[in-house]
Each structure stands twice: as C-alpha cells, then as structure tokens.
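Architecture and fold: a report
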Amino acid sequence: MGVRSATKLHIPPAHSAGRRSFFLPLAAVALLCSASYLLGAWQHGGFSFSSPSSRLASVATQISCTTTLAPSTPSLDFSAHHAAAFDAAAAKAASSASSSAPRRYPACPAEYSEYTPCEDVKRSLRYPRDRLVYRERHCPSGRERLRCLVPAPAGYRNPFPWPASRDVAWFANVPHKELTVEKAVQNWIRVDGDKLRFPGGGTMFPHGADAYIDDIGKLIPLHDGSIRTALDTGCGVASWGAYLLSRDILAMSFAPRDSHEAQVQFALERGVPAMIGVLASNRLTYPARAFDMAHCSRCLIPWHLYDGLYLMEVDRVLRPGGYWILSGPPINWKKYWKGWERSKEDLNAEQQAIEAVARSLCWTKIKEAGDIAVWQKPANHVACKASRKAAKKSPPFCSRKNPDAAWYDKMEACVTPLPEVSDASEVAGGAVKKWPQRLTAVPPRVSAGGVKGVTAKAFLQDTELWKKRVRHYRAVINQFEQKGRYRNVLDMDAGLGGFAAALASASYPLWVMNMVPTVGKNSSALGVIYERGLIGSYQDWCEGTSTYPRTYDLIHADSVFTLYKNRCEMDIILLEMDRILRPEGTVIIRDDVDMLVKIKSVADGMRWDSQIVDHEDGPLVREKILLVAKTYWTAKVQDQ
C-alpha cells in the first residue's frame, strides 16, 4: 500500500545517559526507515499533504505486501502514515519478521466455499442421530484442520447495504434454490433473475412478518423499550428477527446446518443476526437470564419430550419476567389438524404436555389468540418455591452453581434457580432499564458485584474509553464514514461490550456479535452484554465459529492473540478470521507491537493488505493497531 504523506520521523528523547550506548544503532535504523519511506512515497506518485485529522495514525511497522485486489475495487484507506519510533525489542522483532518471506496460504478447492468446520456435514455422520446430537458442534483437530483460504463462490458481489439487504441479496453469493421451491407457498424466498428476494413471509405468518409481529404486539409490550433482546429458535431465513429490527428489538436467530439448505446463510447475507445452532444435548451458548423474549414459529422442536428439557433450557436463558411465544403445532390445532396430517388426539396431547411443562416452570400463560400463544416467566422464584413444595411431581431446581456455564455443558432436566430476592415484588438479579437507557446504564450484574474486578465506576470508564477508541477508528479508517459499508460486525473478545455500545451510541446501522472467550475472562461478562441490550455468544478461538464463510464485514480483536498465544497456533485463528470475513472486509487487531509484527508476518501470506498504526494515545504506547483489508478474489482466481 502506498505512503500518502511525508512527515518527520519521530524519535523519543533519551531519558538517561544509559541510552547513549545504543543510540548509533537506533539512529541507523531510523535512517534506513526514512530512506525506505521516501523511496516508497516517490514510487507511489510523490508526496502529498493530509488533513490534521488524518495525521492521528502513524505506521509502527512498514512491511510490504503483495495484493491481488481487483483494479476496480479500492483497498482499505488507512489515511496518512509515518514511521514511528521503536524500542529496541520492537526493532529486533520487525527485523526478524522481515528477514524471511511469509508463508503463502493456498486457496481451498471451490467445494469448500460454504465450509463450516464445526458443523461439517460429512463429519457429523460419525455422531449419534438421536436427539440431533450429530448436528451439534463437532470441530476438527490435527490433520483434519484446513490450512487454506476458503474461497468466495465465482461471481461473488458485495452485499446490498442495509436496509435494502433485508429484502434482496445476490444469488451468486448464496446460490441455492431449494427453499424457493420447498417454501414457495409460504413466501420465504424467491429467485428474481440474478437476485434473491425475501418477501417477509413465514410458515405461520402468510401475511408477512410485520403483520405477525403486530399481532404479537397486541399481547405483549413490543413498543415501550422493555423488550430489547430476543431469541428465535429454528429461525428459517430469520424474517421474524429482520422485521423486529425496525422496532429496536435485536434477535439472535439460530437454526441447524442443513435442516433447510443455507437458511442461516441467507439470514446473514440479509444483514440479520444469526448463527448455526440446535437444541440437542448441549446448552445453548448464551448465559442465564439473557433474553427478554424467546420465540418458536413452527420450529419443529419437540418441546414436550425428554421431560421438557428443551423448554427448561429456554427458561434458563430467559430473563425474569420474559416471554415465550409459540405458534404452529400444536397451537390452534382445531383449525389446522388436517393440514398438519396429525390426529386431534395427538395434537391435543402434545399441547397439554407443553402446558404442563410450562406450569412446572411456574410460567403464566398470558393468552392464546388465534395462531399465537404467549407465556411469561416469573420475576422471581419466591411464589414458585412455595407452590412447588406442595406439588407431587415437579422437576427439581438445578444444583449446578454456575447457570451461565454454556460451552459444551450438558442440559439437565431441572429448573435453573433465579437469584434470591429480599421481597416478592423484586426482580431476581435486578431490573434492567428500558432501551435505549440500558445501553449505557450500569448493568445489574455489575452493581451486584457479579463481575470480578468490575465496579460501577470501572464500567462507566470502560464505556467512555471505547467511545474514544471508536472515534480513533473513524479517523484512521475512512470506510466508517461510508454509509452501509459495515453491517455484520464481530468483536472477538468483547469484554463488557464497550465497542458495540460505542457503535450503537453513534447510531451506525450495524449489529455486533459480541464473543466472550471461554478462557481468561469471567463468564459473567456475557451476561453484562445482554443486560446492556446487546447480543453475543461464548467462543473458544482455537475452534471454528458456528457460522458460514463470509459472515462479517468487520472483525475487531482486542488482545485476542496475547490471550491465546500459549493455547493454539496463531494461523489457526487467522485462517478462521479469513473464513468468516467478507471479501474487502476490514479487521482491526489491537495488541502489543511485538505480537502485531508476528501477526502481520502471517497475514501477509493470506491475501490481506495490512498496516500497523499507532494507539489512540500516541506513538509511545507499546500497544498498536493492525488494520487489515481482505482483498477481493473468488474461486476462479488462480493461486498466487
């Protein structure tokens, strides 16, 4: 990438006489960097001056990289850069990294263009089919891992910007027609020339998702900010979640891989939050008390089987006072039983069994109106515990100490106990404020001391820190100012959700998947993220993510590589990042400069354009920022 402006090389002043012993070698390095800088600037069209705001960034390391970017497609604009001063260790690391050519990673065969490593269809056949265990996460290891770059399909194009993407996508990006035939009557999706169109229909909402959501809004409060986070089980192409966004409700939609071909992939291409997932034997990868509302519209989950296990898992992730919505079999069976090709007796028995499980969870049935039934979880378990003492048959309360544990943790047929309260009118765990106030208000888990080392003051400081950092990103990445450039965003180590909150406060038209690593952090942090009205999941970055290739437009990684440096190889994480990043997508990696030099040496072999720029507090901070633009290429491009 060309150097765009010339500035003076900055060398920090010596602070002691002891520094004079290595001044001459440091000066030599500085002169070489300056000469290289001037030569590069001259080769790329001479010198120009930048605006004051563009000078916020400075390159800490300049390592050339070869790009395969299509001529018609601009690369990521990192604004102006200049060489910053290194300490001796950083200079040594840069010299070592540049002395040998980076390893070049080949493109995977075209057949891997939709590869999902932990939900691979072929590998899944090794596992039990009972209760859909074979559709859960089963990740490759050792020689099974791909060490190549997953290609985009031939003809891939940048998605339509939001909100147009809600209703239309390029067929070449997700070249599947199965659902257009199978769900033709239900208006899920249709092919229109070189485009896919999403009319907003669904099996149980033939008049469209908007009308269906309006019907739900007549039963529960969807418009006053009290409901912000939602869970859609068996989501189809996620039209329910797509149309909730206009009501400031953020839904996490999930469905298993290949239940219907590419349904979650369609959702992500539309710019709607979604991930691959299934209710089988493991807990959902979300903390307890996360969602304000959960939903199933003909999702085909056997809620009444296995002692009500799946409904108990919904109860675990539902906030106190939260709602569960069910439409489709067996609701309104008296009207639909012939079309469902089931007997009246069978459907009635199923509904009675579901009602019994709901009562055992102390849920209250709000109403059943037409095709929709709604239950509400209690605000606390005071009355529930009293009533259960008299019940002869009820599932026990779970004895497990950590209800948030949800990474390969098995579901249990028990009721997850809510936090204790001092009064029957109190909300267990603390009430959250209405949206949008809850985004920046101190979350109840922080106020209660539930996150180790995080006080209310520290939370508020973290919120302001990330606002400052996002302002810095805007100064060094021009694409932030391009409306619609970023829609699907991933934060690989979200902390308390500060990055996502800063983007939301700035009213960017995007959503963030906030990942909390399963190592190194308190799992309660993900609960805080949900209490802020944001969404996310647990993740081990030594494994693949439960999503399709080309999911995200922007990936943010704060100290992720330092966290995992003794746990798995760096290129495992980088290759997974490349798999889930769209062509021409952006990566922001924050870490110690030594670590970033190592990362860059690997990234330069991955068809990435990258540059290291200064920390928002200036060049003297050892933490730097690696900015990456993934180049455009498809399965047709020959390996370089």
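Please refer to the structure higher up on the page.
A brief structural summary.

Rules of the game
Residues numbered from 1 in each chain as written. Predicted model: local features only at pLDDT ≥ 70, side-chain atom pairs only at ≥ 80, totals over all residues. Heavy atoms only, no water. Helix = DSSP H or I, 4+ residues; strand = E, 2+ residues; numbered from the N terminus. Buried < 20%, exposed > 50% of the residue type's maximum accessible area, 1.4 Å probe, protein only. Contact = heavy atoms within 4.5 Å. Areas by Shrake-Rupley, 256 points an atom, 1.4 Å probe, with all protein chains shown as cover. 1 Å grid on protein atoms, 1.4 Å probe; cavity = no way out; pocket = protein on both sides within 12 Å on 5 of 7 lines; lining within 4 Å. Points joined across faces, edges and corners; volume = space filled by probe spheres on them. Nonpolar A, V, L, I, M, F, W, Y, C, P; charged D, E, K, R; others polar. Phe/Tyr/Trp six-rings, centres within 6.5 Å; stacked < 30°, edge-to-face > 60°. Lys NZ or Arg CZ within 6 Å of the ring centre and 35° of its normal. Pairing = 2+ DSSP bridges. Axes fitted to C-alpha atoms, helices over the stretch in contact; angles between N-to-C directions. Parallel < 35°, antiparallel > 145°, perpendicular 65-115°, else oblique. Left-handed = near helix turned anticlockwise from the far one by under 90°. Core = buried A, V, L, I, M, F, W, Y, C linked by side-chain atoms within 4.5 Å. Salt bridge = Lys/Arg side-chain N within 4 Å of Asp/Glu carboxyl O.

Re the overall build of the chain
Each helix and strand counted, the chain has 18 helices and 18 strands in total. For the chain, the proportion of its 640 residues judged to be buried stands at 56%. Put simply, 72% of the contacts in the chain that link residues at least 6 apart link residues at least 24 apart. Carbon together with sulfur atoms contributes 54% to the accessible area of the chain, which is approximately 26700 Å² in total.

Here's the deal with empty space enclosed by the protein
All chains considered together, the criterion is met by six cavities of 30 Å³ or more. Along the wall of the largest cavity there are 26 residues; nearest its centre are Arg137, Ile276, Gly277, Thr285 and Ser546. Every element with two or more residues in the lining of the largest cavity is listed here: strand E7 (274-276), strand E13 (511-517) and strand E14 (535-539). Looking at the lining of the largest cavity element by element, the count peaks at three residues for E14. Residue composition of the lining of the largest cavity, grouped by class: 13 nonpolar, eight polar and five charged. Roughly 240 Å³ of internal volume is contained in the second largest cavity. For the second largest cavity, the lining is made up of 16 residues, of which Pro117, Arg145, Leu146, Ile572 and Glu576 are closest to its centre. Taken together, the residues that form the lining of the second largest cavity break down as ten nonpolar, one polar and five charged.

Focus: the packing of aromatic side chains
In the structure shown here, the tally under the stated rule is 17 aromatic pairs. When the centroid spacing of 5.8 Å and the interplanar angle of 50 degrees are considered together, the rings of Trp324 and Trp363 count as tilted. Residue Trp324 is found in strand E9 (residues 318-327), and its partner Trp363 is found in the loop between helix H10 (344-360) and strand E10 (364-369); the two are separated by 39 residues along the sequence. Across the pair, Trp363 and Trp324 agree in class, each one buried. Both rings, one in Trp407 and one in Tyr408, keep their centres 5.2 Å apart while their planes meet at 70 degrees; by these two values the pair is edge-to-face. Accessibility expressed as a relative area gives 16% for Trp407, which makes it buried. Overall, the relative accessible area of 33% leaves Tyr408 in the partly exposed class. Joined through ring pairs, the aromatic side chains of Trp303, Trp324, Trp363 and Trp375 make up one cluster. Cation over ring: Arg129 sits above Tyr134, and NZ or CZ is 4.3 Å from the ring centre. Seen from the ring of Trp162, Arg487 lies directly overhead, with NZ or CZ sitting 3.7 Å from the centre.

Side note on helix H17 (residues 570-580)
The periodicity of an α-helix, 3.6 residues per turn, causes residues three or four positions apart to be oriented the same way. When you tally the buried positions in H17, you get eleven out of eleven residues, the bulk of the element. Of all the residues in H17, the buried ones are Met570, Asp571, Ile572, Ile573, Leu574, Leu575, Glu576, Met577, Asp578, Arg579 and Ile580.

Brief notes about helix H8 (residues 309-317)
With nine of nine residues buried, H8 lies mostly within the body of the structure. Against strand E5 (229-233), strand E8 (291-297), E9 and H10 lie the buried residues of H8.

Some remarks on the sheet that holds strand E3 (residues 190-192)
Strands belonging to one sheet form pairs held by backbone hydrogen bonds; the direction of such a pair is parallel or antiparallel. Here three strands make up an open sheet; going across it, the order is E2-E4-E3 and the pairing antiparallel. Each edge of the open sheet is held by one strand with a lone partner, namely strand E2 (168-170) and E3. When strand polarity is set aside, the average angle formed by the axes of neighbouring strands in this sheet is 35 degrees.

With respect to the packing of H17 against helix H18 (residues 593-603)
Describing two packed helices takes the angle between their axes plus the distance from one axis to the other. The N-to-C vectors of H17 and H18 enclose an angle of 60 degrees; their axes lie 10 Å apart at closest approach. Between H17 and H18, the angle falls in the class oblique. Our pair here, H17 against H18, has a crossing hand that is right-handed. Taking contact as the criterion, the partners of Met570, Asp571 and Leu574 in H17 are, on H18, Met595, Lys598, Ile599 and Val602. Classifying every residue of the contact of H17 with H18 by side-chain character gives five nonpolar, no polar and two charged.

Considering the pairing of E14
Counting buried residues in E14 gives five out of five residues, a clear majority hidden from the surface. Bridge count for E13 against E14 is five bridges, and the pairing is parallel. Residue pairing across strands places Pro517 opposite Gln539, the latter belonging to E14.

Let's talk about the sheet that holds E8
If you trace the seven strands from one edge of the open sheet to the other, you get E7-E6-E5-E8-E9-E11-E10, paired in mixed fashion. Strands with a single pairing partner mark the edges of an open sheet, and in this sheet they are E7 and E10. Geometrically, the sheet is characterised by an average inter-axis angle of 20 degrees between neighbouring strands, direction not taken into account. As judged from the six bridges shared by E8 and E9, these two strands associate in the parallel manner.

A few points about the pairing of strand E17 (residues 608-613)
Taken across its six residues, E17 has six buried, putting it largely inside the fold. Taking every second residue as pointing to the same face, both faces of E17 are buried, with Trp608, Ser610 and Ile612 on one and Asp609, Gln611 and Val613 on the other.

Focus on the nonpolar core
Ile220, Tyr286, Met293, Trp303, Trp324, Phe561 and Met577 are the most contacted members of the largest nonpolar core, which has 142 residues in total. Residues contacting Trp324, with those up to four places away along its chain left out, are Ala294, His295, Trp303, Leu311, Val314, Leu318, Ile354, Trp363, Ala373, Val374 and Trp375. With ten residues, the next largest nonpolar core counts Phe171, Leu196, Phe198 and Val237 among its residues.

Some points on the side chain of Thr551
Relative to the assigned elements, Thr551 resides in the loop between E14 and strand E15 (552-558). Residues in contact with Thr551, not counting those within four places in the same chain, are Leu268, Asn488, Ile580 and Arg582.

Brief notes about the pattern of salt bridges
By the definition in use, this model includes 43 salt bridges. Linking Arg247 and Asp210 is a salt bridge whose minimum nitrogen-to-oxygen distance equals 2.9 Å. With Arg247 in the loop between helix H6 (239-244) and strand E6 (250-255) and Asp210 in helix H5 (residues 209-217), this pair connects stretches of sequence that are 37 residues apart. Since its relative accessible area comes to 34%, Asp210 is described here as partly exposed. A salt bridge links Asp315 to Lys377, with the shortest nitrogen-to-oxygen separation between them at 4.0 Å. Here Asp315, found in helix H8, pairs with Lys377, found in the loop between strand E11 (372-376) and helix H11 (382-390); they are 62 residues apart in sequence, far enough to count as distant.

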